[in-house]
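# Examining the three-dimensional arrangement
So the chains spell out like this:
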Amino acid sequence: KDLTEWFFRLPMLPRWVLALGLLLVALALTAALVIPKFLPQPQGNLYPEPEVELKFETLQVNDAAKLSSITVAPRDGDPYTLRCQNDTLLLELDGQLHDINDSLCADLMKAATTIAVENVVTRDVSEVAEHLPDMGLEPPLITVTVAYTDGKEERLSIGGSVPYTTYSYYRWSGDGGVYMCDAGIAEIFGHTANQLLPVTQPQLIGSLVDRLTIANPAGELVIGLAMDASGTTTGQLQSPISYPIAMDAASALMTSMENFRLGTRMGDAENLSEDYGFDAPLCTVDIHQKEGMFTRINDEGQLVVETLPAQQLRFVFGRPEGEYFYTCAYEGSAYLVSRFLVQPMIAAAPEKLFTRHPADLGGLPARIQVETERGLLTMEISQTLRMLENGQPETNEDGEWIYDTTATLNGETITGEQAELLVSRLRALSFSGNVPDGWAPGDAQPRWIVRLTAADGTERTLTAYRMDAFSDAVAVDGVVLHCCYTEALEMALGEWMP
C-alpha cells in the first residue's frame with residue numbers, strides 16, 4: 001500500500017518509465033524460473049574423454065636366429081630367394097650368393113619374422129571370400145614364403161592398398177583371418193632382385209672437378225669449375241659463350257656433385273631405356289675430374305690420403321619418377337636419384353648462371369688496377385697463412401684458416417683492413433640490367449677499365465662504355481651482356497676513386 005501511494009505521487013513521465021522497468025524485471029524473473037525446467041539436464045561429465053581404440057596387433061614373433069630363407073614371388077614379376085647366413089641375408093642368383101644392400105637386410109628380416117598388423121578386416125576369411133580378388137589377395141600381388149632351420153614354413157600374402165589408408169591387405173598362413181599391414185611391409189617385399197643389390201657410388205671429388213658439360217633443353221653448356229683450399233668454388237661458362245658465372249650458381253653445382261648419390265637400382269638401363277625416358281632424356285651430364293690427391297675416412301675410421309687418376313663420368317637423367325626422384329642411367333644400370341640434389345644441373349641455363357657481380361673473384365685478388373679518365377689506381381695484395389708453433393695452420397672459431405693481409409696502394413703501404421674494405425666494395429658492384437640486343441660500343445672510348453688478377457693468376461677485365469645518360473655497358477673479358485649505373489664504380493671506390 002505504501003509503495004502504491006509512493007508510485008502515484010511520482011511525476012507522470014518517470015511513473016511511466018518505472019512501470020515499464022518493473023514489467024521487464026518481472027518477465028526476466030519468470031524466464032529464469034521456468035525455462036530451466038524445459039532444458040535437458042546434464043548427466044555426469046558434460047564432455048567425457050574420448051576413448052581411442054588402438055588396432056595394432058602382433059600376431060606372432062618368430063626367432064630370427066632360426067631363419068633359413070625368404071622367397072619373394074611377385075604376381076607380375078620374377079621370384080627370388082634370400083638365404084640367411086651368419087645373421088645376414090644373401091641373394092641367390094644363378095647358383096651364387098650375393099651381398100645385398102645393408103639398409104634393406106634388417107627390414108627384410110624383421111618383416112619376415114614379425115607378424116604384425118595394423119587392423120583386422122575379419123578373423124574368418126569365408127566372410128569376405130568373394131571380395132579377395134578385389135583386395136589383391138586372390139591371387140596375391142606378392143607371396144612371401146619364410147622357411148626356418150627347424151623345418152617350419154610360413155606364407156605371407158600381400159594384396160593391394162586399402163582405400164583411404166596407408167595400409168595394404170595382408171594374410172598370414174598362421175590363421176584364417178584377413179588383415180591390414182603397414183605400407184612399409186608391401187614396400188620392402190616389393191623390391192626386385194636387382195633393387196636389393198648394393199650400389200657402388202661414383203667417386204666425385206669436388207676439389208678435382210674441373211669441367212662440367214650439361215646437355216638439357218637450354219642447349220649444351222660447358223662450364224669450368226675450380227675449388228680453392230678454403231672450399232670456395234668459382235666457375236666460368238666456356239660454351240656457348242665465355243662468361244663468368246655467379247658464385248652462388250658455381251657453389252650450387254659443386255654441392256650437387258659432391259652430395260650426389262645413386263639410389264635404388266632399377267635394372268639394366270638399356271632394357272629400361274624407353275620406360276624410364278633414357279631414349280629422350282631430360283638432361284645428360286658429363287663430369288671431368290683431373291688427376292689429384294684427396295682425403296677420405298677409411299673403414300677403420302682413419303683419415304687417409306689417396307691419389308685418384310683423371311676420369312670422365314656420365315649421368316643420363318631420363319624423366320621424373322614420382323615427386324622426389326629422377327631416373328638416372330650410369331655405367332649401364334638404371335637408378336633413382338634425388339630430384340633435390342641434381343636440380344641445379346638439370347635446370348642450368350646461361351641466363352641463370354651469368355654473374356651479376358663481375359668484380360667478385362671469390363677470394364682476395366692479388367692485384368687490382370683501375371683506369372679512368374682522371375687517373376690510375378693500383379693495389380697489390382698478399383696473404384700469409386698464420387702458423388702455430390706445432391706447424392699447424394691457426395684457425396678461427398669457425399675452423400677457418402687465418403691469413404695475415406698486407407697491401408700497397410699506388411706504392412704506398414695500407415692496412416689489410418683497408419684493402420679488404422676496397423675489395424668488398426668492388427664485389428658489391430652489380431649490374432642493373434641487360435644491354436639491348438645488337439648493341440655495340442663501336443669506336444667509343446672506355447669510361448673506365450678494371451683489371452683483376454686472382455691469387456692463382458686468373459685474370460678478368462671489366463671495360464665500361466657509355467650506353468646512355470644513366471647507364472654504362474660493361475664488357476667482361478670482351479663480352480658485353482649487361483650494364484650498370486654510371487656512378488657504380490665511383491660508389492664502389494669511394495675515397496679511392498682516381
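Please read all numbers here as calculations on a predicted model, not as lab measurements.

Quick look at the side chain of Glu154 now. Note on placement: Glu154 falls in strand β9 (residues 153–161). Here Glu154 occupies a buried position and makes no salt bridge, while the nearest side chain of opposite charge, Lys152, is found at 4.1 Å. Side-chain polar atoms of Glu154 contact the side chain of Asn62, separated by 3.0 Å. Excluding residues within four positions of it along the chain, Glu154 makes contact with Gln60, Asn62, Ile115, Val144, Thr145, Val146, Tyr148, Trp172 and Ser173.

Bringing the pairing of strand β3 (residues 80–85) into the picture now. Examined bridge by bridge, strand β2 (residues 67–74) and β3 share 4 bridges and lie antiparallel to one another. Counterpart to Thr71 in the pairing with β3 is Thr81. The turn linking β2 back onto β3 is made up of 5 residues. Relative to strand β4 (residues 88–93), β3 is paired through 5 bridges, and the arrangement is antiparallel. Following the sheet pairing, Arg83 is matched in β4 by Leu90. In sequence, β3 turns back onto β4 through a hairpin of 2 residues, with Asn86 there showing a positive phi of about 55°.

Further remarks concern the environment of Pro140. Among the structural elements, Pro140 can be located in the loop between α4 (132–135) and β8 (142–148). For Pro140, a relative accessible area of 18% puts it in the buried group. Sequence separation of Pro140 and Gly160 is 20 residues, and the distance between their C-alpha atoms is 8.4 Å. Once you skip the residues sitting within four places of it in the chain, Pro140 turns out to touch Arg75, Ser157 and Ile158.

Here is what the cut-offs are and how they apply
- Residues numbered from 1 in each chain as written.
- Predicted model: local features only at pLDDT ≥ 70, side-chain atom pairs only at ≥ 80, totals over all residues.
- Heavy atoms only, no water.
- Helix = DSSP H or I, 4+ residues; strand = E, 2+ residues; numbered from the N terminus.
- Buried < 20%, exposed > 50% of the residue type's maximum accessible area, 1.4 Å probe, protein only.
- Lys, Arg positive; Asp, Glu negative; His and termini not counted.
- Salt bridge = Lys/Arg side-chain N within 4 Å of Asp/Glu carboxyl O.
- Polar contact = N/O pair within 3.5 Å; in protein donor to acceptor, adjacent residues only side chain to side chain.
- Contact = heavy atoms within 4.5 Å.
- Pairing = 2+ DSSP bridges.

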